[in-house]
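# Close look at the chain arrangement
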Amino acid sequence: MHFKDSKITFIILGTVFGLLMLITIPIIISSNNKLDEESFPEYKKIEITEESVKDVSSESYKEIKEQLENDTYFAREAMISNYNSTTYTSADLEKMLWNFIFSYSLKNRKYMSSFDENSGTFCMRTKYVIDAFKELFNANITTDIDYLSGYDGYVYVRGKKYCFDYEHVAKDYNNDILVGIDGISVRDNVVTTNLYLYEYYTTFAPDELSYITALKNSIYNSNYNNANNIVINNLNGKVTHKQLQFKILNNGKHFKYQILVSKMLDY
């Protein structure tokens, strides 16, 4: 009799636990999705497979191309230059630091210890800094992190926290950025793309706005000769032809793209 009672109790408890899981798991997922949307408000999840980009005339290729070209997070990370995660050394830290601050979403405050709009800084615990660098650069900076304190003006160490001066970076660089995708391939979840990086400064004068509209139309239509001409001759900007190898981190905590290789091409 005692065994039967215990069995019934276990069945009841198991049923209750199962019901709780059915209720709790969707709530947790919904909460995490909402938090992700708040941290990366301009990000739209993207899936790229070998099949989806095999045919450049397919709708799937065009949609992926357009999504990457219009993703501000991708454009910011595309600024990373001459980097290869397989040959990372501490000598790379200076340029990595600038790109880290430049690319970090200021809306993503879950992993910040503090955010000070007046001073233009945000602080993170050491663990999260290491995690974030790993996400963005596929590099383990655990043994090199102390070197960050040597870059005055960009990072300050306060106890076990690193504080990054995003305002300083913003003053360093206030150009607009556009990206034109000129080829996409995928292998083993690594995406390789050749792209044109367009950098220019605008005062929003009517003639400039007209050129920018023409530039965006040229990128949309993959007319890169025309786009290059507009940026160089009409917007006094800079064009960089480069190749990126990266992974998509749809569930990334700090970044949505991990840059593995960034190198200049023949432009």
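Presented here is an overview of the structure given in this document. A quick note: this is a predicted structure, and the numbers were derived from the prediction, not measured.

Now for the packing of aromatic side chains. Applying the stated criterion to the full structure yields 23 aromatic pairs. Judged by centre distance (6.3 Å) and plane angle (15°), the ring pair of tyrosine 196 and tyrosine 198 falls under stacked. Summarising the burial analysis for this pair, tyrosine 196 and tyrosine 198 share the class buried. Its guanidinium or amino end placed over the ring of phenylalanine 115, arginine 109 lies 3.6 Å from that ring's centre, counting from NZ or CZ. Here the guanidinium or amino end of lysine 256 rests over the ring plane of phenylalanine 40, the centre of that ring lying 4.6 Å away.

What follows is about the sheet that holds strand S7 (residues 190-200). In space, the five strands of this open sheet follow the order S1-S9-S8-S7-S6, with antiparallel pairing throughout. Where the open sheet ends on each side, the last strands, each with one partner, are strand S1 (83-84) and strand S6 (176-187). Against the sheet, helix H8 (residues 224-234) contacts S6, S7 and strand S8 (238-248), and its axis sits at roughly 35° relative to S7.

Once that is clear, we can look at the sheet that holds strand S2 (residues 114-116). One open sheet accounts for four strands, arranged S2-S3-S5-S4; its pairing is antiparallel. Among the strands making up the open sheet, the edge pair consists of S2 and strand S4 (155-158). Direction aside, the axes of adjacent strands within the sheet are offset by 20° on average. Note that strand S3 (residues 121-125) and strand S5 (residues 161-165) share five bridges and pair antiparallel. Paired with methionine 124 across the strands is tyrosine 162, a residue of S5. Its contacts with the sheet place helix H4 (residues 93-103) against S3, S4 and S5, and it is angled at close to 75° to S5.

Attention shifts here to the nonpolar core. Core analysis: the largest hydrophobic core is formed by 57 residues, its most contacted members being Leu68, Phe100, Met124, Leu148 and Phe164. No other element matches the seven residues that H4 contributes to this core. Methionine 124 has contacts with Phe100, Tyr104, Tyr111, Met112, Ser113, Val129, Ala132, Lys160, Lys161, Tyr162, Phe164 and His254, leaving out every residue within four places of it along the chain. Grouped together as the second largest cluster of nonpolar side chains are 13 residues, Leu178, Tyr224, Ile230 and Val231 included.

A few words on the environment of asparagine 228. Position of asparagine 228 among the secondary structure elements: in helix H8. Assessed through its relative accessible area of 5%, asparagine 228 is described here as buried. A polar contact is formed between the side chain of asparagine 228 and the side chain of tyrosine 198, at a distance of 2.8 Å.

Looking now at the packing of helix H7 (residues 206-220) against H8. With their axes 8 Å apart at the nearest point, H7 and H8 run at an angle of 155° to one another. Judged by the angle between their axes, H7 and H8 are roughly antiparallel. The handedness of the crossing between H7 and H8 is left-handed. Where H7 approaches H8, its residues Tyr211, Ala214, Leu215, Ser218 and Ile219 are matched on the opposing element by Tyr224, Asn226, Ala227, Ile230, Val231 and Asn234. In terms of residue class, the contact of H7 with H8 is made up of eight nonpolar, three polar and no charged.

What counts and what doesn't
- Residues numbered from 1 in each chain as written.
- Predicted model: local features only at pLDDT ≥ 70, side-chain atom pairs only at ≥ 80, totals over all residues.
- Heavy atoms only, no water.
- Phe/Tyr/Trp six-rings, centres within 6.5 Å; stacked < 30°, edge-to-face > 60°.
- Buried < 20%, exposed > 50% of the residue type's maximum accessible area, 1.4 Å probe, protein only.
- Lys NZ or Arg CZ within 6 Å of the ring centre and 35° of its normal.
- Pairing = 2+ DSSP bridges.
- Helix = DSSP H or I, 4+ residues; strand = E, 2+ residues; numbered from the N terminus.
- Contact = heavy atoms within 4.5 Å.
- Axes fitted to C-alpha atoms, helices over the stretch in contact; angles between N-to-C directions.
- Core = buried A, V, L, I, M, F, W, Y, C linked by side-chain atoms within 4.5 Å.
- Polar contact = N/O pair within 3.5 Å; in protein donor to acceptor, adjacent residues only side chain to side chain.
- Parallel < 35°, antiparallel > 145°, perpendicular 65-115°, else oblique.
- Left-handed = near helix turned anticlockwise from the far one by under 90°.
- Nonpolar A, V, L, I, M, F, W, Y, C, P; charged D, E, K, R; others polar.

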